[in-house]
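# Architecture at a glance
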Amino acid sequence: MTEAFEVSMSTCIFPGRFQPFHEGHLLVVQGMMKIHGNATIVICDGKSESGADHPFTIAERREMISSALLAADITEATIVDVPDRPTAGEWVDAVLDASGHPQEPLVWSGRDDIRAAFEEKKIATKKIVPVPGIDGAVLRQAIIDGKIDGVRSKIPAGAIDVVMEVINKRLR
């Protein structure tokens, strides 16, 4: 006898900088879709739109994520972006606003500070465990250094096309 798989009614929120969107991020979204049937991906502004920590604009990250989701046949996820706010509490409110004020939000994050900010507002969180061998900072540096071939397999189909386009247009 097999057990029926029940989809949770929580609305999943996945905030991140996605600099770049990588295979670890895609695995998280796939998990949200499998367990909860939904995902709201929140592109966070970050402190700056330039430099080694922020090589991709919000528009480029949105295109990267959209392309990766489409290539992975994920059509029901929502992508929103939220600019920085002066305080963590104001930022949490902005994320919830952009996510449509879900009744049962569940925020997925690997960062303790992000989970703590939501938990302060009594929002449930789920800790994401990093995928071994995938590190956003290492990927960013390889991209900036022109060593994309060494990390290409860690960036999902669809997203890699956007990364290559940005490299060819702006980062070289």
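These figures come from a predicted structure and were not determined experimentally.

With that settled, consider the pattern of salt bridges. Once the charged atoms of two side chains with opposite charge are near each other, the side chains can pair. In total, this model carries six salt bridges according to the counting rule given. Linking Arg 62 and Asp 81 is a salt bridge whose minimum nitrogen-to-oxygen distance equals 2.9 Å. Of this pair, Arg 62 sits in helix α2 (residues 58-71) while Asp 81 sits in strand β3 (residues 78-82); the two residues are 19 residues apart in sequence, bridging distant segments of the chain. Taking the relative accessible area as the measure of exposure, Arg 62 reaches 30% and is therefore partly exposed. Salt-bridge contacts for Asp 112 lead to Arg 115; the nearest nitrogen and oxygen are separated by 2.3 Å. One end of the pair is Asp 112 and the other is Arg 115, both in helix α4 (residues 112-120) and three residues apart, which spans about a single turn. Residue class for Asp 112 comes out exposed when judged on its relative accessible area of 51%. Of the residues examined, Arg 115 reaches a relative accessible area of 9% and is grouped as buried.

A separate point is the pairing of strand β5 (residues 124-127). Here four bridges tie strand β4 (residues 105-109) to β5, and the two strands are oriented parallel to one another. Directly across from Trp 108, in β5, lies its bridge partner Lys 126. Each parallel crossover has a hand, and for β4 linked through α4 to β5 it is right-handed.

Reading the values: rules and limits
Residues numbered from 1 in each chain as written. Predicted model: local features only at pLDDT ≥ 70, side-chain atom pairs only at ≥ 80, totals over all residues. Heavy atoms only, no water. Salt bridge = Lys/Arg side-chain N within 4 Å of Asp/Glu carboxyl O. Helix = DSSP H or I, 4+ residues; strand = E, 2+ residues; numbered from the N terminus. Buried < 20%, exposed > 50% of the residue type's maximum accessible area, 1.4 Å probe, protein only. Pairing = 2+ DSSP bridges. Right-handed = clockwise from strand over helix to strand, strands pointing away.

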